Amino acid sequence: YNNLEEKKNQVMDLYLNYNKTFNAIKTNIDFTGGYNYQNFNYINSSFTNDVINNVVNQGVSSNETVNLQSVFARAIFSINDRYLITGSIRRDGSSRFTEQNRWGNFPSVALAWKMSEETILRDSKVISDLKLRASWGITGQQEIGKRYPTTPLYLNSTETASYQIGYDAAGLPIFLQPYRPQPYNLNLKWEETKQVNIGLDYGLFNNRVSGTVEVYKKNSSDLIVFTANPQGVGFSNADFYNIGDMEFKGVELSMDVYPVKTETFKWRIGGNITFQDAEVTKLNLIQSSDSEGIIDVGGISGGTGNFVQNHQVGYSPNSFYVFEQVYDTAGAPLEGVYVDRNQDGIINENDLYRYKKPSADFYYGFNTDVTYKNFDFSMSWRGSYGNYNYNNVY
């Protein structure tokens, strides 16, 4: 038995850059425009040989392609070494979507003000660097694993599913292998994420102390989710849909300090922390306010069709959807005993509730390095708080 697989990835990048400084107005202009092409080709074939290497059974062969193309442009204006303006636009196309939804437009703009270059701060003995910046932009997502999610395709049945249509002249039965339609969604389109952030970069005492304070907010819309089909819809139990929105917001803080900084010896201590919050803000397919949401996420072993996570408006994505444990007076869990949350005398799926989440409330890190002449030593630590895993074995 032989199985042959071949993968090809063809890439082409073309761009043009123009850069010019106008000394009279102390302004620099940097412009870049270009085109990107990527083509992924997946070829698979299988067949069975006999002992003298003759092919006795040709298996199913496939030749699938995913094509991505982009045109892009970016302009950067630096004015008097104090003000920075950046604007960009991308137009991305994916063969995963139909012609009507194939292309997405993704602009962005960023502003920065180097306040430490202003006259009032230029000679400061305390503030060595101070920059205020803000940005807004949209990015797109189309990578879902499936190569033809919007194309009507048919799959040939196996021989065991053949259909008899009569008999031939010799009286032998005639069988045909029917085709069955594969699931697809003509309305599938780009998933988009809009982000706004404001940041402050600072350096104090000749940059012996430096760091960043940043606030951000992201809104993802038209999320591509693989979820169950309503009865009588589609050609499978589940398919890909643009069904919801999510909101992410947070604060990031970082700082570096040099307790010692000489020509031959440097010791740096750094730390960072990120507070974040994520919430599902919309589910298009769920109309009722008291709906259980989308529960078929977070599959677990030990049976068929078991899931332990849930998407629902007002909650963190992938929140765990479980039974509430009952404990004895000593605080130990009672094995197999759960709370009848709706008080109907039965413990079933109507008693599930959302408890904990896999995303952290905040991340933190610590790092330090020591340099002496040509020798250096460094280490880093990182952690998170408020994120949980589901222990299916336990």
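Residues numbered from 1 in each chain as written. Predicted model: local features only at pLDDT ≥ 70, side-chain atom pairs only at ≥ 80, totals over all residues. Heavy atoms only, no water.

### Describing the overall build of the protein
Phase 1: Broken down by element type, the protein carries one helix and 23 strands.
Phase 2: The C-alpha radius of gyration of the protein comes to 29 Å, more than 25% above the 21 Å expected for a compact globule of 394 residues.
Phase 3: Taken along its principal axes, the extent of the C-alpha atoms in the protein is 100 × 70 × 50 Å.
Phase 4: Here the protein holds 394 residues, and 26% of them are scored as buried.
Phase 5: Long-range pairs, those at least 24 residues apart, make up 58% of the contacts in the protein between residues at least 6 apart in sequence.
Phase 6: Averaging the positions of the 34 positive and the 42 negative side-chain charges in the protein gives two centres separated by 11 Å. (Helix = DSSP H or I, 4+ residues; strand = E, 2+ residues; numbered from the N terminus. Rg over C-alpha atoms; globule rule 2.2 N^0.38 Å. Buried < 20%, exposed > 50% of the residue type's maximum accessible area, 1.4 Å probe, protein only. Contact = heavy atoms within 4.5 Å. Lys, Arg positive; Asp, Glu negative; His and termini not counted. Charge placed at Lys NZ, Arg CZ, Asp CG, Glu CD.)

### Thoughts on unusual backbone geometry
Phase 1: For N80, which is not glycine, the phi dihedral falls at a positive 55°.
Phase 2: Located in the positive-phi region is D222, a residue other than glycine, with phi close to 55°.
Phase 3: With respect to the helices and strands, the residue D222 is situated in strand β13 (residues 209-228).

### Quick notes on the pattern of salt bridges
Phase 1: Following the criterion strictly, the structure yields 15 salt bridges and no others.
Phase 2: A salt bridge links R147 to E64, with the nearest nitrogen and oxygen atoms 3.0 Å apart. Remark: E64 occurs in strand β4 (residues 62-79) and R147 occurs in the loop between β7 (127-141) and β8 (154-156); sequence separation between them is 83 residues.
Phase 3: Accessibility expressed as a relative area gives 26% for R147, which makes it partly exposed.
Phase 4: Beyond isolated ion pairs, a larger network of salt bridges with shared partners links R133, D201 and E214. (Salt bridge = Lys/Arg side-chain N within 4 Å of Asp/Glu carboxyl O.)

### Description of the side chain of K357
Phase 1: Among the structural elements, K357 can be located in the loop between β21 (353-354) and β22 (362-372).
Phase 2: On the basis of relative accessible area, K357 is assigned to the buried category, the value being 19%.
Phase 3: Within the structure, the side chain of K357 is placed 2.7 Å from the backbone oxygen of S359, a separation counted as a polar contact.
Phase 4: A distance of 2.8 Å separates a polar atom in the side chain of K357 from a polar atom in the side chain of D361. (Polar contact = N/O pair within 3.5 Å; in protein donor to acceptor, adjacent residues only side chain to side chain.)

### Quick notes on a nonpolar patch on the surface
Phase 1: On the surface, a nonpolar cluster with roughly 480 Å² of combined accessible area is contributed by F77, I85, V109, L111, W136 and V196.
Phase 2: With respect to the helices, strands and loops of the structure, L111 is situated in strand β6 (residues 103-114).
Phase 3: A residue is classified by how much of its surface remains accessible, and L111, at 48% relative accessible area, is partly exposed. (Patch = residues over 30% accessible without salt bridge, like charges linked within 9 Å, V, L, I, M, F, W, Y side chains within 5 Å. Areas by Shrake-Rupley, 256 points an atom, 1.4 Å probe, with all protein chains shown as cover.)

### Considering the packing of aromatic side chains
Phase 1: Applying the stated criterion across every chain yields a total of 11 aromatic pairs.
Phase 2: Ring-pair connections join several aromatic residues into one group, and the members of that group are F275, F362, Y364 and Y385.
Phase 3: The positively charged end of R147 is found above the aromatic ring belonging to Y42, 3.6 Å away from the centroid.
Phase 4: One residue, K261, lies across the ring of Y258, its end atom 4.6 Å from the ring centre. (Phe/Tyr/Trp six-rings, centres within 6.5 Å; stacked < 30°, edge-to-face > 60°. Lys NZ or Arg CZ within 6 Å of the ring centre and 35° of its normal.)

### Brief notes about the environment of I347
Phase 1: Position of I347 among the secondary structure elements: in the loop between β20 (333-338) and β21.
Phase 2: For I347, a relative accessible area of 40% puts it in the partly exposed group.
Phase 3: For the pair I347 and L188, spaced 159 residues apart in sequence, the C-alpha separation works out to 38 Å.
Phase 4: When near neighbours in sequence (up to four residues on either side) are disregarded, I347 contacts F323, Y338, V339 and D340.

### Focus: the layout of surface pockets
Phase 1: By volume, the largest pocket is sized at about 1100 Å³.
Phase 2: For the largest pocket, the lining is made up of 29 residues, of which V322, F323, Q325, Y338 and Y390 are closest to its centre.
Phase 3: Of all the elements in the fold, those that place two or more residues in the lining of the largest pocket are β17 (307-311), β18 (319-322), β19 (325-327) and β20.
Phase 4: Sort the elements by how many residues they give to the lining of the largest pocket and β20 lands first, with five residues. (1 Å grid on protein atoms, 1.4 Å probe; cavity = no way out; pocket = protein on both sides within 12 Å on 5 of 7 lines; lining within 4 Å. Points joined across faces, edges and corners; volume = space filled by probe spheres on them.)

### What to know about the pairing of strand β9 (residues 163-167)
Phase 1: Both β9 and strand β10 (residues 173-176) contribute to a ladder of four bridges, which runs antiparallel. If you follow Y167 over to β10, its bridge partner there is P173.
Phase 2: Linking β9 back to β10 in an antiparallel pair, the connection comprises five residues, with G171 at a positive phi of about 85°. (Pairing = 2+ DSSP bridges.)

### Looking at the pairing of β7
Phase 1: Pairing geometry for β6 and β7, over seven bridges, is antiparallel. Along β7, the bridge assignment pairs S108 with G137.
Phase 2: Examined bridge by bridge, β7 and strand β12 (residues 191-204) share 14 bridges and lie antiparallel to one another. By the bridge assignment, I138 is partnered in β12 with K194.

Remember, this is a structural readout, not a statement about activity or role.
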